[in-house]
Every structure is written in C-alpha cells, then in structure tokens.
Amino acid sequence: MTDNIPRLFTALAEWLACMVYIGQYQHRFSGKRLGAVAVGGLVVQVLWLEVTNPLPAPFWIPAMMLAVALMFLLIYLCCTLDPISAGYCAIRAFVLAEFAASLEWQIDYFISWYIPRHWLLSCGIMAVVYGAVFTLMYHIERRANQGFRTLNIRPGEFISSAVMGLAAFFISNLSFVSSNTPFSSLYVRDIYNVRTLVGLAGVVILYAYHVQRCRLYTTRELDSIKNILQNQYVQYRQSRESIELINRKRLVFIVDEAHRD
C-alpha cells in the first residue's frame, strides 16, 4: 500500500455515506430489490474508482465529479426524492465520505510508524473507524430528521449546500492538486491533518445548515397551520354572528306577529 487512500476504501466510504442518507427517507423499493440496487451501486462505485486509479491531476477532479454523480444516482434510485433533494443528499454524503476516508487513513498512517502496515490491520482499522463514523452519523441524522420522511429542497438551498461542499472538497484536497500554495503541504501527515480537519468542518457546517433548514421548515409549517386555524376561527365567529342575527330577527318577527293577534 502507498500513502494514498486505497480506492477500495474510498469507494466503500462513499457507499456507506449514501446508505446513511438512504436510511433516512422513504424508499422506492423494499426487500431484495432494494438490496440488489444497493449492492449494484457498491460494485459500480468500486469499479469506477479502481479504473480511474491513478489519474493525472487535471483528470482526477472530473473523475471525482463522476463518482459524486454515481452517489447521486444511487440515492435517487433508492429513495422517493426529487432530483434536487437527491443531489442535496449526495453532496452531504460525499463530504461525509471524504472525512471518514481521510480520518481512517490518517489513523492507519500514524499506526504504521510503530507497527508494520499489513492489509489485515488496515482492514481492521477501516472497519472500526467506518463503523463508528457512519453509525454515529446515522443516528445524528435520524434525530435531526425526526418527522421528515421526505425532502423538498429548493434550488437556492441546493446551490448553498453545493458551494459549501465544493469549498470543503477543494480546500481539503488542495495538496493533491498542487503543493505550491500557502494552504498545501509536501508532508503526508500535514496533508491528512488538513484534509481530516477540513472534512470534519464540512460535515459540521452542512449538518448545521440542514438542522437550520429543518427548523425553518417546521416553523413555516406551524405558521401555516396557525393561519388555517385562525381562518377557521374567524369563519366560525362570522357564522355564529350570522346565526345569532337571524335568530334575533326571527324573534322580533314572532313578537310582532303575536302583538298583531
């Protein structure tokens, strides 16, 4: 193994990140069909990243963009989400996958200074780190999405999340594109320090944005329900006043008739 993250580990991180978000929303399929689509997505993701390894820097970015497109396709096929909402989830899943893969390999690289690197040890570290990161993120997302089984992402919200995701990706991977910048490094440990920390920041920022969006959506829903109830109350008052007016007129008419008799 080299000091770069194995493409198999990256593909698995991207697939698991997709599973985190697929688990949050209503599915198009169930049972074996859902499992077949999910496994097919993993196979395609692994094949694509392995085929494109290695690539020169100018081709690496387009290859990663297509990897994100494959993540989008998997989420869109598995969930009853519109394309914009599926794209929103794909961006968040990609940033989460970048963070998990970087954290896992940074820990692996650190341990390799003291213990000779072996593929079994690397797989064990991957299992522990991925299990912790994606399980924790699944439950955090579940808590944030309580009561939401679907998404209605607006174009502006998608663009905002895309800008944040792209910023986190480019800053965290700047050293792989060029080491001759004030924000990049030639040293492996420094590169992964930056990549992991920026990836974590990206995950936190996108999660905070999502939580804020959910709160605003809930507030709008409550305001809408409040307006409906208020309108119903006004209609009830008007109907009651109309009935009382009709009853008074009928009473006056009955009294007048009684006096004439």
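Here we summarise the structure given alongside this text.

1. Brief notes about the overall build of the protein chain
Secondary structure assignment for the protein chain yields eight helices and zero strands. N-terminal to C-terminal, the α/β element order of the protein chain is α-α-α-α-α-α-α-α. Taken across its 261 residues, the protein chain has 37% of its residues classed as buried. For the protein chain, contacts bridging at least 24 residues in sequence account for 79% of all contacts bridging at least 6. For the protein chain, the accessible surface area stands at approximately 15,400 Å², while carbon and sulfur atoms represent 67% of it.

2. Digging into helix α1 (residues 7-22)
The terminal C-alpha atoms of α1, which comprises 16 residues, lie 22 Å apart, in line with the 22 Å expected from a rise of 1.5 Å per residue. Most of α1 sits out of view: twelve of its 16 residues are buried. Restricting attention to buried positions, one finds in α1 the residues R7, F9, T10, A11, A13, E14, W15, A17, C18, V20, Y21 and I22.

3. Looking at the side chain of S85
Along the chain, S85 turns up in helix α4 (residues 83-111). Owing to a relative accessible area of 0%, S85 belongs among the buried residues under this scheme. Within polar-contact distance, the side chain of S85 engages the backbone oxygen of L151 at 3.3 Å. Setting aside anything within four residues of it in sequence, one finds S85 in contact with L151, N152 and I153.

The rules behind the values
- Residues numbered from 1 in each chain as written.
- Predicted model: local features only at pLDDT ≥ 70, side-chain atom pairs only at ≥ 80, totals over all residues.
- Heavy atoms only, no water.
- Helix = DSSP H or I, 4+ residues; strand = E, 2+ residues; numbered from the N terminus.
- Buried < 20%, exposed > 50% of the residue type's maximum accessible area, 1.4 Å probe, protein only.
- Contact = heavy atoms within 4.5 Å.
- Areas by Shrake-Rupley, 256 points an atom, 1.4 Å probe, with all protein chains shown as cover.
- Expected span 1.5 Å × (residues − 1).
- Polar contact = N/O pair within 3.5 Å; in protein donor to acceptor, adjacent residues only side chain to side chain.

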